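Commentary on secondary and tertiary structure
For reference, the chains in residue letters:
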Amino acid sequence: MNQTQKQLSLKPSLANIAKSYCKRNNINEKQLLKAMKWYQSAISNSKKNK
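Thresholds applied
Residues numbered from 1 in each chain as written. Predicted model: local features only at pLDDT ≥ 70, side-chain atom pairs only at ≥ 80, totals over all residues. Heavy atoms only, no water. Helix = DSSP H or I, 4+ residues; strand = E, 2+ residues; numbered from the N terminus. Buried < 20%, exposed > 50% of the residue type's maximum accessible area, 1.4 Å probe, protein only. Areas by Shrake-Rupley, 256 points an atom, 1.4 Å probe, with all protein chains shown as cover. Expected span 1.5 Å × (residues − 1). Polar contact = N/O pair within 3.5 Å; in protein donor to acceptor, adjacent residues only side chain to side chain. pLDDT = per-residue confidence, 0-100.

Turning to the overall build of the chain, a few remarks are in order. A tally of regular secondary structure across the chain gives three helices and zero strands. If you list the helices and strands of the chain from N to C, you get α-α-α. Here the chain holds 50 residues, and the buried ones make up 4% of them. Counting every atom, the chain has about 5000 Å² of accessible surface; 57% of that belongs to carbon and sulfur.

Laid out in structure tokens, this is it:
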């Protein structure tokens, strides 16, 4: 395995990053995902209305 493959295999997945972020900041993961979906929806709706 070359150096770049080793670096890629060591990087945590996005799900693991979100999970550790929620644990570190005492946030409910489901609430965070719900808020992120709401935010993305609000952004896309505001772009459509322009």
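A few words now on helix H3 (residues 29-48). Under the 1.5 Å per step criterion, the end-to-end length of H3 is 29 Å for 20 residues, consistent within 8% with the ideal 28 Å. The N-cap of H3, judged by a side-chain oxygen 3.0 Å from the amide nitrogen of Lys 30 a few residues on, is Asn 28.

Turning to unusual backbone geometry, a few remarks are in order. Even without glycine at this site, Asn 26 takes up a positive phi of about 55 degrees. Within the fold, Asn 26 resides in the loop between helix H2 (14-24) and H3. Take Asn 26: its relative accessible area is 73%, and that puts it in the exposed class.

Averaged over all residues, the pLDDT of the chain is 78; the fraction at 70 or higher stands at 74%. Taking the mean pLDDT of every element in the chain, the minimum, 51, falls on helix H1 (residues 3-10) and the maximum, 88, on H3.

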